[in-house]
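# Secondary and tertiary structure notes
As a plain string of letters, each chain reads:
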Amino acid sequence: LQHCGRALLRTLLSSRATRPTASDPVARVGRIARIGGPAFLSHAAGSGVEAAIRNWPLTSGDLLSTGVAGSVEVEIGSTLMHLDADSVLALVRVDDEQLALRLRAGSLTIRCRSSAMARQIAIECGDLRFELCDAGLYHLAAGSDSVAGTAWQGALRCSAGGRSRLIAAGQSVRLSGDGEHDEALPVDSAGLALWTPACDTPCGTTEDRGHVAAELTGSGDLALHGGWYETAAYGAVWFPRDLPADWAPYRYGQWIWLAPWGWTWIGAEPWAFAPFHYGRWACFRGAWGWLPGCRRQQPVYAPALVAWSDPVEAG
């Protein structure tokens, strides 16, 4: 690109990004991956309800809601969630040890690919608590006086008032709000095809999985919008494709002040989560490429590792 020699935005791999301390925000973060129809976000910091924005980071205390014919797709590491129309979902706890959700109304579909991650996920619906027992595909629907739980793949454990029951793969159960009564439901196998996420692989392709961790939020979009190339100086580098002629990192999007991180970059490109919150950018013979950095089991999120520098004139 022509602009690579101008004032650059240089991303930095700092010690804080690679070795978080006890005072740092948690490493795990979610994002709004896709939006269909009316969808809204109430921030943990209490700034009111706003229209949901793609690539917005999500953390503990955030509240997502959808209107009639609305939907929201949320990505947290390799786990994908789909919130259907007329639904309300609270992210009670999102950290490095647990993902606790509360479905207040409507329906939620969860595709979890990691058994380790599944054991950290719990969803409350009224007085009922659902825990994922394994990787799989699950659906919860919260009505006015009952809750339905379906395990298309994997298994769910539902508990309330000291009682618990297992919803095995291929089973669907409707439970009263207090769990006192339950009713077996026929499993709608067609439901498996009702939701097909655009980034329906944990890291896109096998090639992606060799360069980035499965739990790196946003990595599922890489294969859809770019490709990997080997470089002599940095090894594997990801290059986005189909870009405007004047494209450069941190040019299309906006800076937003978000607690607990501070100034946070919200990229306008559909793939602009992982490459702007992990690793760094570099210019290669006129083209910008993304270096993912060390492949870690639990990637460390950062709002934007970037510094501004004045143009350097060739000597």
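None of these values were measured; they are calculated from a predicted model.

## Some points on the side chain of Arg31
- Tracing the chain through its elements places Arg31 in strand β2 (residues 30–36).
- Relative accessible area serves as the criterion here: at 0%, Arg31 is assigned to the buried category.
- When sequence neighbours within four positions are dropped, the list of residues in contact with Arg31 reads Asn55, Trp56, Pro57, Leu58, Glu73, Val74, Glu75, Thr217, Gly218, Asp221, Pro270 and Phe273.

## Examining the pattern of salt bridges
- Applying the stated criterion across every chain yields a total of ten salt bridges.
- Of the charged contacts in the structure, one is a salt bridge between Asp95 and Arg93, with a shortest N-O distance of 2.5 Å.
- Judged by its relative accessible area of 14%, Asp95 falls in the buried class.
- Since its relative accessible area comes to 29%, Arg93 is described here as partly exposed.
- Between Arg165 and Asp182 there is a salt bridge, with the nearest N and O atoms lying 3.0 Å from each other.

## Here's the deal with the confidence of the model for the chain
- Chain-level pLDDT for the chain is 83 on average; 79% of the residues reach the 70-or-more range.
- Note that residues 1–22 has pLDDT below 50 and, in this model, 49 contacts with residues that lie over four places away or in other chains.

## Points about empty space enclosed by the protein
- In the structure shown here, the tally under the stated rule is two cavities of 30 Å³ or more.
- Roughly 50 Å³ of internal volume is contained in the largest cavity.
- Lining the largest cavity are Ala27, Arg28, Val29, Ile76, Gly77, Glu215, Thr217, Tyr278, Gln298 and Pro299.
- Partitioned by chemical class, the residues of the lining of the largest cavity number five nonpolar, three polar and two charged.

## Here's the deal with the pairing of strand β17 (residues 171–176)
- Two elements, strand β14 (residues 146–153) and β17, share six bridges in a ladder whose sense is antiparallel. Across the sheet, Ala151 pairs through a bridge with Gln171, a residue of β17.
- One ladder, built from four bridges, connects β17 with strand β18 (residues 182–185); its direction is antiparallel. In the sheet register, Leu175 faces β18, and the bridge partner there is Asp182.

## Remarks on the pairing of strand β12 (residues 128–132)
- Residues of β12 alternate between two faces, with Leu128, Phe130 and Leu132 buried on one and Arg129 and Glu131 left unburied on the opposite face.
- Bridging between strand β11 (residues 121–125) and β12 involves four bridges; their strand directions are antiparallel. Bridge pairing links Glu124 to Arg129 in β12.
- Counted along the chain from β11 to the antiparallel partner β12, the turn is two residues long, and its residue Gly126 has a positive phi close to 65°.
- Where β12 lies against strand β15 (residues 156–160), four bridges are found, and the strand directions are antiparallel. Pairing of Leu132 across the sheet is with Leu156, part of β15.

## Concerning the environment of Ile110
- Inspection of the secondary structure puts Ile110 in strand β10 (residues 99–112).
- In the structure, Ile110 is positioned 35 residues away from Glu75 in sequence and 9.9 Å away in space, judged by C-alpha atoms.

The rules we used
In every chain, residue numbers begin from 1 and rise along the written sequence. At least 70 in pLDDT is required for a residue's local features to be given in this predicted model, at least 80 for side-chain atom pairs to be given and counted, and no such filter applies to totals for whole chains, interfaces and linings, which use all residues. Computation of side-chain values: all heavy atoms of the structure, hydrogens and water removed. Strands are runs of DSSP state E lasting at least two residues, helices are runs of H or I lasting at least four, and both sets are numbered from the N terminus onward. Under the scheme applied here, a residue whose accessible area is under 20% of the maximum for its type counts as buried, over 50% as exposed, and between as partly exposed, the area being computed with a 1.4 Å probe on protein chains only. A contact between two residues is defined here by any heavy atoms of the two lying within 4.5 Å. For this analysis, a salt bridge means a side-chain nitrogen from Lys or Arg found within 4 Å of a carboxyl oxygen belonging to Asp or Glu. Values of pLDDT, ranging from 0 to 100, describe the predictor's confidence in every residue of the model. Within this scheme a cavity is a closed region of a 1 Å grid, computed over the protein atoms alone, that accommodates a 1.4 Å probe without allowing it to escape, whereas a pocket is open but has protein on both sides within 12 Å along at least five of seven lines; lining residues each have an atom within 4 Å of a point. Grid points are joined across faces, edges and corners, and a volume is the space filled by probe spheres set on the points. Charged means Asp, Glu, Lys or Arg here, nonpolar means Ala, Val, Leu, Ile, Met, Phe, Trp, Tyr, Cys or Pro, and polar covers whatever is left, Gly included. A pair of strands counts as paired when DSSP detects no fewer than two bridges linking them.

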